[in-house]
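Topology and contacts: notes
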There are 2 protein chains.
Amino acid sequence: MSNIQNNSIPEKTIERLSEYRRTLKSCHEQGITHIFSHVLAGIHGITAVQVRRDLMLIGFSSDTKKGYDVEVLIEFINSILDSRGPMHIAVIGMGNLGQALTKYFNGRGLTLRIVAAFDIDPAKVGHEIDDIPCYPMGEFEKQVEALDIKIVILSSPAKVASELVVPIINAGIKGVLNFTSMPLNFPRGIVVENYDITTLLEKVAYFVKENEETTL
Amino acid sequence: MSNIQNNSIPEKTIERLSEYRRTLKSCHEQGITHIFSHVLAGIHGITAVQVRRDLMLIGFSSDTKKGYDVEVLIEFINSILDSRGPMHIAVIGMGNLGQALTKYFNGRGLTLRIVAAFDIDPAKVGHEIDDIPCYPMGEFEKQVEALDIKIVILSSPAKVASELVVPIINAGIKGVLNFTSMPLNFPRGIVVENYDITTLLEKVAYFVKENEETTL
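For every chain, the first residue of the written sequence is number 1, and numbering continues from 1 onward in sequence order. Each chain gets a letter, beginning with A, and each ligand a number, beginning with 1, in the order they are written. At least 70 in pLDDT is required for a residue's local features to be given in this predicted model, at least 80 for side-chain atom pairs to be given and counted, and no such filter applies to totals for whole chains, interfaces and linings, which use all residues. Think of the side-chain values as coming from all heavy atoms in the structure, minus any hydrogens and water.

Now for the packing of aromatic side chains. Planes of paired rings set the category: under 30 degrees apart is stacked, over 60 is edge-to-face and the rest tilted, where pairs are Phe, Tyr or Trp rings (Trp by its six-membered ring) whose centres lie within 6.5 Å. The tally for this structure, following the rule as stated, stands at 15 aromatic pairs over all chains. Put simply, the rings of Phe179(A), Tyr195(A), Phe179(B) and Tyr195(B) pair up and form one aromatic cluster.

Laid out in structure tokens, this is it:
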């Protein structure tokens, strides 16, 4: 569902590193200082071999008799995943999903920061949603430059999604997380993750149906 | 990110079939009667070989000189993906994301139907959101049986997600689409898709960072 390719660390490893880090942070909050690979693996429903392979891929090898040092591992994953400064993000389309995504990501203490929203609805433009200003789509290119926005989250209606491709390219956006049901293609150099939630629900439903038919 | 395994049709093919179907429906609405595999492939950013392989896997072979018959192919994919009757779904956790997901899926004309929501917040319980009744979590098992709910969409705070595993198993739920950042494990026979949107955003950000460092 993405156009990511030819990078040294596989896409799936990057996903798991992000997931490990969240688990590790939660352990850290609970005062847990060390964790074994098989414990981390169990939480994520994968094998300890997979965890060790992922950490080997990023060059982390300080396993101890007590398992991995939670704080050290968090810092190490930070050094791999995070950019040096904060990375600015905009949400395009402030319908229900756009607003929910904004509230979800906003203030999570990530280095990823939502700094602007865009819409064409006059009722939304000029207002703030969860302290994030909503600009008219006509100002997109201008604001992307002024606010140093690198990534957009697309939550517009599917019907208008394809009209957004050219403005996104022209504005110099480097990454797109596309939540619309319209798959979008971008030139190389722009990372796209097409992430259609209807597909997921249909997939779960299919395998539920299959399981039911198998057990009948 | 899921525990799906050992089925005849691969998970990724099921995802793509769901995506093809949405594209085909949109073509049908526009009056397009036939589509070539390479056109369908182009829209989804994949190769025509992949499209043909996916359709071969489900036993669809009625390619014509004009390409695939759009209506026939939609019907064929329906027969693979859809259950015979509607499949009932509940949303657990009616915060911003839960409400947005409910509004997003509700009334989409899918065979998948959201029929109930659950929360512990007295301000939400007893009310309707987008015509979907919100029940207290204490009634979960009872309502799942009464309403024949097969699938739950989890959008609770991550901190309470793990407390929901036992009620979900006990109620006889068959599929879980987990949007919380807490990965959940269920016994075999319950399909789980852990779908953490923070991971996606972090993944896009990582590859944006990598691309920037490569081109510097």
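So much for the structure itself; the text now carries on.
Attention now goes to the environment of Pro86(B). Residues and elements named next belong to chain B. Secondary structure elements are taken from DSSP: a helix is a run of H or I of four residues or more, a strand is a run of E of two residues or more, and numbering for both begins at the N terminus. If you trace the backbone, proline 86 turns up in the loop between α4 (70-81) and β4 (87-92). For the pair proline 86 and valine 51, spaced 35 residues apart in the sequence, the C-alpha separation amounts to 28 Å. In what follows, residue pairs with any heavy atoms lying within 4.5 Å of each other are defined as contacts. When neighbours within four sequence positions are excluded, proline 86 is seen to be in contact with Thr111 and Arg113.

Quick look at the relation of the copies chain A and chain B now. We place the copies in one frame by least squares, fitting the C-alpha atoms of every residue whose pLDDT is at least 70 in both. Superposing chain A onto chain B requires a rotation of 180° together with a translation of 0.0 Å along the rotation axis, leaving an RMSD of 0.0 Å. Expressed as a symmetry operation, the mapping of one chain copy onto the other fits a two-fold axis. No C-alpha of chain A lies nearer the rotation axis than that of Ala100(A), which sits 3.1 Å from it.

To continue, consider the packing of helix α1 (residues 11-29) of chain A against helix α3 (residues 48-57) of chain A. Residues and elements named next belong to chain A. Fitting a line to C-alpha atoms yields each axis, with helices limited to the stretch in contact; the angle taken between N-to-C directions then spans 0 to 180 degrees. At their nearest, the axes of α1 and α3 sit 10 Å apart, and the two run at 105° to each other. Judged by the inter-axis angle, α1 sits roughly perpendicular to α3. Between α1, through Thr13, Arg16, Leu17 and Tyr20, and α3, the contact on the second element is made entirely by Gln50, Val51, Asp54, Leu55 and Leu57. Grouping the amino acids of the contact of α1 with α3 by side-chain chemistry returns 5 nonpolar, 2 polar and 2 charged. Each angle is binned into one of four classes, with values under 35 degrees roughly parallel, values over 145 roughly antiparallel, values of 65 to 115 roughly perpendicular, and all other values oblique. Throughout this entry, Asp, Glu, Lys and Arg are counted as charged residues, while Ala, Val, Leu, Ile, Met, Phe, Trp, Tyr, Cys and Pro are counted as nonpolar. The remaining residues, Gly among them, count as polar.

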